[in-house]
Amino acid sequence: MAEPLKNLLHPGLVKEMATHISRAAPDFDGGRFTGLATAGMDALELMQRADRIRQALAQTLPADYPAAADILRRALPAEGRPGLSGWALLPVNQFVSEYGLAHFDLSLALLKALTPHFTAEFGIRRFIHADEDRALAEISGWVTDPNHHARRLASEGTRPRLPWAMRLPGLVRNPHPILPILVALLDDPEDYVRRSVANSLNDIAKDHPALVADFVERHIEGASPARRQLLRHASRTLLKKGNAKALANFGFAAARGIEATLAVSTPVVVFGDKLGFAIDVTNGDTAPQRLMIDYAIHHVKANGTLAPKVFKWKQLDLPAGARQTIIRDHAIRAITTRVYYPGTHRIEVLINGAISASADFDLRME
């Protein structure tokens, strides 16, 4: 059984934090900090534990924020010396976010300093929300930083819909201010950074599909394989929804004369087993066609309604008059992002974004 996420923050880690902070500030009361931070910790979930540690920092660091920020900076790893790193910096993110707004530039500099040791994408968002222009003016300069963690923070921290973090409603409404950041990082040498750019564009596509489809069109001509992969990943939501321009950006036209027959080999699936299915695809047109074949499973929700989830499947160049059979197994097993319910589910096959065949299957929770 997987270790609970909450255990990423544990009493042993809190004691390590106390050691590193005490090294930076010998007067720091590490024992009091540890006691406050770990009180009742076992009953708390991950983010609640982080907030408890954040409160303990506020109660034991100097009340003067610049002095506290200086201690935290000096407690970071430096020149081969260990220091605050990894999940220990999640509550530090929260501390800076909660108490640092009145010291805007100092706080942004601290978040940039800690991001090589643990991402600062959570701490930086309150600053963007409080003063978008001022924050982005500073963050935009990080796109040329020699440290790839700082460059990634420029894209990841500004994502409009970053998971696990506060949403940025101003950028959800109008993402244009962050587009120069994303353009500057399109060809970043680090895949870690490019994936962040793709995820930010995919966030934007959920609210502004035409904007992202147009963005990809402008930047795909002559693109390197790495940039093309980035733009494809950025378009994943649009491609799953069958956005015509997004499909055209990657060479997929509306399918013509395509016939598809779906057969489910496991009409009854016991939870933990696999759904088996196959599709026969025939190109009845007089020209070859490039096909993007995906499938959607409409899962039964708690209230009995169905909710679709689209999964990538296969790309296929099908000659005129040709037929091809494609077989797939899909595991129906426990995952952290979905609760399964018994009942009649539906599977649909999507060809170039259009529903081409469908069938039902029953899920039993035995």
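Please refer to the structure placed before this passage.
Residues numbered from 1 in each chain as written. Predicted model: local features only at pLDDT ≥ 70, side-chain atom pairs only at ≥ 80, totals over all residues. Heavy atoms only, no water.

### Focus: the pairing of strand E3 (residues 274–283)
Rules: Exposure classes here rest on a 1.4 Å probe applied to the protein chains alone. A residue is buried below 20% of its type maximum, exposed above 50%, and partly exposed in between. Strands here are runs of E lasting at least two residues and helices are runs of H or I lasting at least four, both read from the DSSP assignment and numbered beginning at the N terminus. At least two bridges found by DSSP between two strands is the condition for calling them paired.
Of all ten residues making up E3, seven are buried, and the element is well covered by its neighbours. When strand E1 (residues 258–264) meets E3, the two strands line up antiparallel, connected through seven bridges. Bridge pairing links Val264 to Phe277 in E3. Across nine bridges, the pairing between E3 and strand E6 (residues 323–331) is antiparallel. Bridged to Gly276 within E6 is Asp329.

### Let's talk about helix H8 (residues 132–139)
Quick reminder of the rule: Here the arc refers to the set of directions running from the helix axis out to each C-beta atom. In this analysis, two residues are considered to be in contact whenever any of their non-hydrogen atoms come within 4.5 Å of each other.
The set of residues buried in H8 consists of Ala135, Leu136 and Ile139. Buried residues in H8, looked at end-on, bunch into an arc of 95 degrees, giving them a common side. Structural note: H8 exposes Asp133 and Ala137 on the side pointing more than 90 degrees away from its buried face. Along its buried surface, H8 packs onto helix H6 (104–114), helix H7 (125–130), helix H9 (148–156) and helix H11 (179–184).

### Thoughts on the packing of aromatic side chains
Stated precisely, the cut-off is as follows: Here a Phe, Tyr or Trp ring, Trp counted by its six-membered ring, pairs with any other such ring whose centre lies within 6.5 Å, and the pair is stacked when the planes are under 30 degrees apart, edge-to-face when over 60, and tilted otherwise. In this scheme, Lys NZ or Arg CZ marks a charge over a ring once it lies within 6 Å of the ring centre and within 35 degrees of the ring normal.
Tallying each qualifying case throughout the model produces ten aromatic pairs. Taking 5.3 Å as the distance between ring centres and 75 degrees as the angle between the ring planes, the aromatic pair formed by Phe277 and Trp313 counts as edge-to-face. Note that Phe277 is positioned in strand E3 and Trp313 in strand E5 (residues 306–318), a separation of 36 residues in sequence. Summarising the burial analysis for this pair, Phe277 and Trp313 share the class buried. A ring pair is formed by Tyr295 and Phe311, whose centres lie 5.4 Å apart and whose planes are at 20 degrees; its orientation type is stacked. Remark: Phe311 occurs in strand E5 and Tyr295 occurs in strand E4 (residues 289–300); sequence separation between them is 16 residues. By relative accessible area, Phe311 is classed as buried at 18%. Counting every residue linked through ring pairs, the aromatic cluster contains Phe277, Tyr295, Phe311 and Trp313. In this arrangement the basic side chain of Arg232 is found over the ring face of Phe250, its NZ or CZ atom lying 5.4 Å from the centre. Taking the ring centre of Phe252 as reference, the NZ or CZ of Arg290 above it sits at 4.6 Å.

### Quick notes on the sheet that holds E3
Our working definition: Helix axes are fitted to C-alpha atoms over the stretch in contact, other axes to C-alpha atoms as well, and angles between N-to-C directions run from 0 to 180 degrees.
Read across the open sheet, the three strands follow the order E1-E3-E6; overall the sheet is antiparallel. Edge positions in the sheet fall to E1 and E6, since each has one partner strand and no second. Direction aside, the axes of adjacent strands within the sheet are offset by 20 degrees on average.

### Considering the side chain of Asn93
Within the fold, Asn93 resides in helix H5 (residues 89–99). Residue class for Asn93 comes out buried when judged on its relative accessible area of 1%. Excluding its chain neighbours within four sequence positions, the residues that come into contact with Asn93 are Leu111, Leu114, Phe118, Thr119, Ala120, Glu121, Phe122 and Gly123.

### Here's the deal with the side chain of Thr119
This is how the line gets drawn: Identification of polar contacts relies on pairs of N or O atoms within 3.5 Å, with a donor-acceptor requirement for protein atoms, meaning one able to donate a hydrogen and the other able to accept it, and with residues adjacent in sequence counted only if both atoms are side-chain atoms.
Counting through the fold element by element, Thr119 comes out in the loop between H6 and H7. Engagement of the side chain of Thr119 in a polar contact is seen with the side chain of Glu121, the distance being 2.5 Å. Discounting residues that sit within four places of it in the chain, Thr119 has contacts with Asn93, Leu114 and Arg152.

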